[in-house]
Amino acid sequence: MTRRTEPERSARGGVLPFGLVDVAGPSMVPTLREGDQLLVRYGAPIRPGAVVVFRHPLQQDLLVVKRAAERRPKGWWLLSDNRPVDSDSRSYGPVPDELVLGRVLLRLRPHPVWLAPGRRLERLLLTTRLARVPGLARRLGVWAEEL
């Protein structure tokens, strides 16, 4: 869950492509914790593994942060990184595209961590000898399901 409920607006009235949200709750531990501040790029393309901000399908005035697990016919399947917390697509199903607002790029607070690596870096960290270094991919923002 997040503490901000609307994307920021520019002086001209349009929605800014970037915004800040504050994390509330334990659903994204260990990636994100209560009080973390995130930089979000609204309208950014989403791909599996990305951390995203979306409107809760059952309470659309509430913004939520989850991991995009996969694209399904009716929308995105979004999951908590903290798997025992099941307030995600396991309880409300796929989230329609129009409710997915953007991709989290960076955790700003308490210390900066990049959460949106490019595809080339992602492939490099998941398919080469670097993939054998414990925790390296996750520290550089690449999501890999733990075995």
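Coordinates for the structure precede this section.
Residues numbered from 1 in each chain as written. Predicted model: local features only at pLDDT ≥ 70, side-chain atom pairs only at ≥ 80, totals over all residues. Heavy atoms only, no water.

1. Quick look at the pairing of strand β3 (residues 51-56)
Moving residue by residue along a regular strand, the side chains alternate between the two faces of the sheet.
Turning to step 1, where the next piece is worked out: Counting buried positions along β3 yields 6 of 6 residues, so the element is predominantly enclosed.
Turning to step 2, where the next piece is worked out: Linking β3 back to strand β4 (residues 59-72) in an antiparallel pair, the connection comprises 2 residues.
Turning to step 3, where the next piece is worked out: Relative to strand β6 (residues 100-109), β3 runs antiparallel, the two being bridged by 3 bridges. Within β6, the residue paired with F54 across the bridge is V100. (Buried < 20%, exposed > 50% of the residue type's maximum accessible area, 1.4 Å probe, protein only. Helix = DSSP H or I, 4+ residues; strand = E, 2+ residues; numbered from the N terminus. Pairing = 2+ DSSP bridges.)

2. Overview of the nonpolar core
Turning to step 1, where the next piece is worked out: One finds L32, L38, V53, V65 and V104 to be the most contacted residues of the largest nonpolar core, which totals 15 residues.
Turning to step 2, where the next piece is worked out: Counting only elements with at least two residues in this core, the list comes to β2 (37-42), β3, β4 and β6.
Turning to step 3, where the next piece is worked out: Filtering out sequence-adjacent residues up to four positions away, L32 remains in contact with V23, L38, V51, V65, R107 and L115. (Core = buried A, V, L, I, M, F, W, Y, C linked by side-chain atoms within 4.5 Å. Contact = heavy atoms within 4.5 Å.)

3. As for the packing of aromatic side chains
Turning to step 1, where the next piece is worked out: For the structure on display, the rule yields 1 aromatic pair.
Turning to step 2, where the next piece is worked out: Geometry around W77 places R72 over its ring, the cationic atom sitting 3.8 Å from the centre. (Phe/Tyr/Trp six-rings, centres within 6.5 Å; stacked < 30°, edge-to-face > 60°. Lys NZ or Arg CZ within 6 Å of the ring centre and 35° of its normal.)

4. Remarks on the side chain of R55
Turning to step 1, where the next piece is worked out: Of note, R55 is situated in strand β3.
Turning to step 2, where the next piece is worked out: By relative accessible area, R55 is classed as buried at 16%.
Turning to step 3, where the next piece is worked out: For R55, the side chain forms a polar contact with the main-chain oxygen of Q60, separated by 3.2 Å. (Polar contact = N/O pair within 3.5 Å; in protein donor to acceptor, adjacent residues only side chain to side chain.)

Read these as layout, nothing more, since geometry by itself doesn't imply function.
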